[in-house]
Amino acid sequence: MNVFDWLSNMDMPVVDKFDIAEVRFKNGRKEFFRNINGIELTTGDPVVVDVPNGHHIGHVSLQGELVRLQMQKKKVKNDDNIRAIYRIATPKDLEKYEELQNKEMPIMFRTREIIRELNLQMKLTDIEYQADGTKATFFYSADDRVDFRQLIKVLASEFRLRVEMRQISLRQEAGRLGGIGSCGRELCCSTWLTDFKSVSTTAARYQNLSLNPSKLSGQCGRLKCCLNYELETYMEALEDIPAVNQPLVTEKGEAYLQKTDIFRKMMWFGYSNEDQWHPVEAARVQHILELNTKGIKPATLLEDKLPDLDEGPKVLNQDLALMDQRFQNKAAKTKKKRRKKPKSKKEDGKQS
């Protein structure tokens, strides 16, 4: 799993430099090791590290203050249990380690044959050889507990090495093998996801997803981890959506909930005797629920009362009535102007 050192461009004091480095091994497995010899390390350098009963080769993935933060996040104590980094791996060390890695695939095929012969209910996923060639770790997954004591005896006698059996979950198995998800991208568990959180079908219900196991399951056979990514956003949006556990009662009939658009805050209802769905805002649905609890039936899903039908023609002919009144006012004004004519000049002279 790739990492980005966002403190690489900052100059840190040499005296206070953190002496623990994060080392990455096969398939993204990471551990912390102490640089006791003060070796100048660069991200990506192959190093020989101390492991129980031997040594192993890994690559430096992180160093400096970010390692301190990673240890605090993963709750790893900075004590004497942290093993040491011996040196930077030489080309000879890398050649020997590459030869051992080439043996892993044939040994895995042979081990699967032995598992079938012993009739063990387990699935062998991967093998990791130790760099000194004295030990190999066999990763497997199983539904129940497996008695592999006879298997270890057969493997130790045939391959002449110490055998360690390590059981992993199906999610960890998918992370080690890798693959492409239904979204078209690499699996999250094999690229960046490190902590596996429990995923339940309630996350799919909150997001209005169809409870189809083939669509909700990932390559590991378990529910997809991405169901939890947007769950909090849906939970916040659902706070404004009322819970409709019974049909809405109106004078037109009972309306049943058909669909909910969480982010638009729209809810679609349909009457039992109709095929059409009516969109109603969530605030209006809450208002209807409050009316129903008081025993009040609104007229429709959108209106509490229907308009009076007697006022219909008046409303329709209101523009005509206004136009008639306008012309009547104009006619009255013209009559008044005719009655009040101005006096002529001759009449003014006679009076004088």
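Each remark here, short or long, concerns the structure printed above.
Residues numbered from 1 in each chain as written. Predicted model: local features only at pLDDT ≥ 70, side-chain atom pairs only at ≥ 80, totals over all residues. Heavy atoms only, no water.

Thoughts on the nonpolar core
Ranked by size, the top nonpolar core spans 22 residues in total, and within it M122, F138, L151 and M165 carry the most contacts. When residues of this core are traced back to their parent elements, those giving at least two are α2 (91-118), β6 (123-129), β7 (135-141), α3 (149-159) and β8 (162-167). The element contributing the most residues to this core is α2, with 5 residues. Non-local contacts of M165, meaning those with residues more than four positions away in its chain, are made with M122, F138, Y140, F148, L151 and I152. (Core = buried A, V, L, I, M, F, W, Y, C linked by side-chain atoms within 4.5 Å. Buried < 20%, exposed > 50% of the residue type's maximum accessible area, 1.4 Å probe, protein only. Helix = DSSP H or I, 4+ residues; strand = E, 2+ residues; numbered from the N terminus. Contact = heavy atoms within 4.5 Å.)

Concerning the sheet that holds strand β10 (residues 253-261)
Pairing in this open sheet of 4 strands is antiparallel, and the strands run β9-β10-β11-β12 from one edge to the other. Edge positions in the sheet fall to β9 (248-250) and β12 (277-281), since each has one partner strand and no second. Each strand axis lies, on average, 40 degrees off the axis of its neighbour in the sheet, ignoring direction. For β10 and strand β11 (residues 266-271), the ladder comprises 6 bridges, and the chain directions are antiparallel. Paired with Y256 across the bridge in β11 is G270. Lying over the sheet, helix α9 (residues 282-293) contacts β9, β11 and β12, oriented at roughly 90 degrees with respect to β12. (Pairing = 2+ DSSP bridges. Axes fitted to C-alpha atoms, helices over the stretch in contact; angles between N-to-C directions.)

A few points about a nonpolar patch on the surface
A cluster of nonpolar residues, F4, W6 and L69, forms a patch on the protein surface that exposes about 400 Å² of accessible area. With respect to the helices and strands, F4 occurs in the segment before β1 (20-24). (Patch = residues over 30% accessible without salt bridge, like charges linked within 9 Å, V, L, I, M, F, W, Y side chains within 5 Å. Areas by Shrake-Rupley, 256 points an atom, 1.4 Å probe, with all protein chains shown as cover. Salt bridge = Lys/Arg side-chain N within 4 Å of Asp/Glu carboxyl O.)

Considering the pairing of β12
Consecutive side chains of a regular strand alternate in pointing toward one face of the sheet and then the other. Only one face of β12 is buried: it carries H278 and V280, and the other face, with W277, P279 and E281, is open. Sheet topology note: the β11/β12 ladder contains 5 bridges and is antiparallel. Within β12, the position partnered with G270 by the bridge is W277. Between β11 and β12, which pair antiparallel and follow one another directly, the connecting turn spans 5 residues.

Interpretation in functional terms is not warranted from these geometric data alone.
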